[in-house]
Amino acid sequence: MAMNRTETVLAYLQNKQDATLLQSILPTYKLQIDIKIGNIETAITDASQWTVAPDYIILDVSQITDPIEALYNLAQEAPDGETEVIMVGEVNDIEMYQRLLQQGVSDYLISPIDETKLIDTFEKVVDRRRELTGSIDPKNLIVVTGSRGGVGASTVATALAEIVSNHHQKKTLLIDLDIHGGTQYISYDVEPSPGLYEILQSPQRVDALFLERTLIKVNENLALLSAGAIEDGHEASDAGLAALLSQARQGIDKVVIDLPRGQDLGKGSLLMAGTVVIVCTLTLASLRETLSLIDYVENKGNASKIIIVTNRIGEHKAGIISLQEFSKQIRKEVIQLPFDPRSVTQSMMQARPLTSFRKPISEGLFRIGDKLDSAPIRNQGLLSKFTGR
């Protein structure tokens, strides 16, 4: 579990003075440190041998012509992971510094590294990472994501929010984190809430009153945050999400996050959640991504449950993997959802829960719901075979 394990720092440095300073400062933060002599190119060479990505990585980019390209090359070789990146270089270039930050680098330090600057950087980076991890009880957070885009993860997230709120009778918040084109508000025939972006952009503004005004009340037990498409979402941050989840602890029993695959914003929620639902299809590409996600969550996350859902069963005949082979590869039980575009479309057009349809897809969604911690223990009476509940 992420809360109990020691976080790791992997550093590639050429300046021995920098390495010595790092070795003396970082134990303060209770981090496991591995310092290697080299630079980002050395890291690229080593990355294919890593079993998991480090929590923090420090990379010397001195005399590297294009640090951003080198970082992309490293990302191609390294295992998937939510890693904080700090770069070290000899050039004091403001323009390069800003470009690195825009690419997601946490900070850029000038070599030889100033001790005060190193301490300030690690306090900021470590605090930001740990506040996201500690902002909600894992058992109250469900994250739904897809192995790839277009596999139906949003449909599953909507259904689970409905099941938890209506059938499990829990106060539930559904967060649509697709800031480039979220559509959860359409499912409920309500207007989008631009306040979600304000929360993600300005965590210092988040308090109980602001959250109350921002929430879209779907019904007595279900609230929604869905902003739709945001033209400029680059200032949205995980710090804003952490503040939101921390505030949501007051009066909310369960939070369901609809997390787009491949989006950096919110990726840390996969490490926070007690339950992670991975929606996939029976293709080789989806299998590979599913295995990568499982490895990431199991090695670095808090999840006590990883639920695998194969969606759109029956859509294609060619190019698919058998369910038996898929289950064998991932070594987990798989819940199937049949391909039923008509019911899904009707659900959105009528703003009617997909779980209310008496269809095999609805039965599959309830089977997912039965796996959740919020599910009541039900007696399997005679009528259950007819009612499906």
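Please read all numbers here as calculations on a predicted model, not as lab measurements. (Residues numbered from 1 in each chain as written. Predicted model: local features only at pLDDT ≥ 70, side-chain atom pairs only at ≥ 80, totals over all residues. Heavy atoms only, no water.)

Novice: Which parts of the structure should I look at to understand the pattern of salt bridges?
Specialist: Oppositely charged side chains may form a pair once their charged atoms are brought near each other. Enumeration according to the criterion identifies eleven salt bridges in this entry. Notably, a salt bridge pairs Glu289 with Arg261, separated by 2.6 Å at the nearest N-O pair. With Glu289 in helix H12 (residues 284-300) and Arg261 in the loop between strand E10 (254-259) and helix H11 (269-272), the pair connects residues that are 28 residues apart, well separated along the chain. Its salt-bridge partner being Glu315, residue Arg312 comes within 2.7 Å of it at the nearest N-O pair. The class of Arg312 is partly exposed, set by a relative accessible area of 28%. In the salt-bridge network here, residues are joined through shared partners; they are Asp107, Lys117 and Lys124. (Salt bridge = Lys/Arg side-chain N within 4 Å of Asp/Glu carboxyl O. Helix = DSSP H or I, 4+ residues; strand = E, 2+ residues; numbered from the N terminus. Buried < 20%, exposed > 50% of the residue type's maximum accessible area, 1.4 Å probe, protein only.)

Novice: Even after reading the chapter, I still don't get the pairing of strand E3 (residues 56-60), so can you show me in this structure?
Specialist: The side chains of a regular strand alternate, residue by residue, between the two faces of the sheet. By the criterion of burial, E3 is predominantly enclosed, with five of the five residues buried. Both faces of E3 are covered, namely the face carrying Tyr56, Ile58 and Asp60 and the face carrying Ile57 and Leu59. Bridging between E3 and strand E4 (residues 84-89) involves five bridges; their strand directions are parallel. In the sheet register, Tyr56 faces E4, and the bridge partner there is Glu84. Following the backbone out of E3, through helix H3 (residues 67-77) and into the adjacent parallel E4, one traces a crossover that is right-handed. (Pairing = 2+ DSSP bridges. Right-handed = clockwise from strand over helix to strand, strands pointing away.)

Novice: Which parts of the structure should I look at to understand the sheet that holds strand E11 (residues 275-280)?
Specialist: Either a parallel or an antiparallel arrangement is found when strands of a sheet pair, and the pairing is made through backbone hydrogen bonds. Spatially, E8-E9-E7-E10-E6-E11-E12-E13 is the arrangement adopted by the eight strands of the open sheet, whose pairing is mixed. The open sheet has two edge strands, strand E8 (216-217) and strand E13 (334-338), and neither has a second partner. Set on the sheet, helix H6 (residues 153-167) makes contact with strand E6 (141-146), strand E7 (172-176), strand E9 (222-226), E10, E11 and E13; between it and E6 the angle comes to about 160°. (Contact = heavy atoms within 4.5 Å. Axes fitted to C-alpha atoms, helices over the stretch in contact; angles between N-to-C directions.)

Novice: What is the right way to read a negative patch on the surface from this model?
Specialist: Together, Asp114, Glu115, Asp120, Glu123 and Asp127 line one region of the surface with negative charge. Looking at where Asp114 falls in the secondary structure, it is placed in the loop between strand E5 (107-110) and helix H5 (115-133). Residue Asp114 is classed as partly exposed on the basis of its relative accessible area, which comes to 45%. (Patch = residues over 30% accessible without salt bridge, like charges linked within 9 Å, V, L, I, M, F, W, Y side chains within 5 Å. Areas by Shrake-Rupley, 256 points an atom, 1.4 Å probe, with all protein chains shown as cover. Lys, Arg positive; Asp, Glu negative; His and termini not counted. Charge placed at Lys NZ, Arg CZ, Asp CG, Glu CD.)

Novice: Any chance you could explain unusual backbone geometry here in plain terms?
Specialist: Note: most peptide bonds trans; most residues except glycine with negative phi. Residue Pro112 is reached from Ser111 by a cis peptide bond, and omega for that bond is 0°. Unusually for a residue other than glycine, Gln63 sits at a positive phi of about 65°. Following the sequence through the fold, Gln63 ends up in the loop between E3 and H3. The phi dihedral of Ala351 falls on the positive side, at around 50°, and the residue is not glycine.

Novice: I'm lost on helix H1 (residues 16-25) in this one. Help?
Specialist: Residues three or four positions apart in an α-helix share a direction because the helix packs 3.6 residues into each turn. All of the buried residues along H1 are Asp18, Ala19, Leu21, Leu22 and Ile25. When H1 is viewed along its axis, its buried side chains cluster within an angular range of 165° and face the same direction. What points out from H1, more than 90 degrees from its buried face, is the exposed set Lys16, Gln17 and Thr20. If you check the start of H1, you find a side-chain oxygen 2.7 Å away from the backbone N of Gln17, and it comes from Asn15. (Arc of directions from axis to C-beta. Polar contact = N/O pair within 3.5 Å; in protein donor to acceptor, adjacent residues only side chain to side chain.)

Novice: What am I meant to see in the packing of H12 against helix H13 (residues 323-330) here?
Specialist: Relative orientation and spacing of two packed helices are given, respectively, by the angle between their axes and the distance between those axes. Two numbers describe how H12 lies on H13: the axes approach to 10 Å, and their chain directions differ by 30°. What the angle tells us is that H12 and H13 run roughly parallel. Here H12 runs over H13; the crossing is right-handed. Where H12 approaches H13, its residues Leu287, Thr290, Leu291 and Ile294 are matched on the opposing element by Phe326, Gln329 and Ile330. Within the contact of H12 with H13, the residues separate by chemical class into five nonpolar, two polar and no charged. (Parallel < 35°, antiparallel > 145°, perpendicular 65-115°, else oblique. Left-handed = near helix turned anticlockwise from the far one by under 90°. Nonpolar A, V, L, I, M, F, W, Y, C, P; charged D, E, K, R; others polar.)

Novice: What should I look at first to understand H3 in this one?
Specialist: Every buried residue of H3 is accounted for by Pro67, Ile68, Ala70, Leu71 and Leu74. Across the axial projection of H3, the buried residues extend over an arc of 160°, all falling on one side. Buried residues in H3 make contact with helix H2 (40-47), E3, E4 and helix H4 (94-102). N-cap assignment for H3: the residue whose side-chain oxygen lies 3.2 Å from the backbone N of Ile68 is Asp66.

Novice: What is the right way to look at the environment of Met87 in this model?
Specialist: Inspection of the secondary structure puts Met87 in strand E4. Taking C-alpha positions, Met87 is 6.6 Å from Val61, a pair spaced 26 residues apart along the chain. In this structure, Met87 is in contact with Ile40, Leu59, Val61, Pro67, Leu71, Leu100, Val105, Asp107, Tyr108 and Leu109, ignoring residues within four places of it in sequence.

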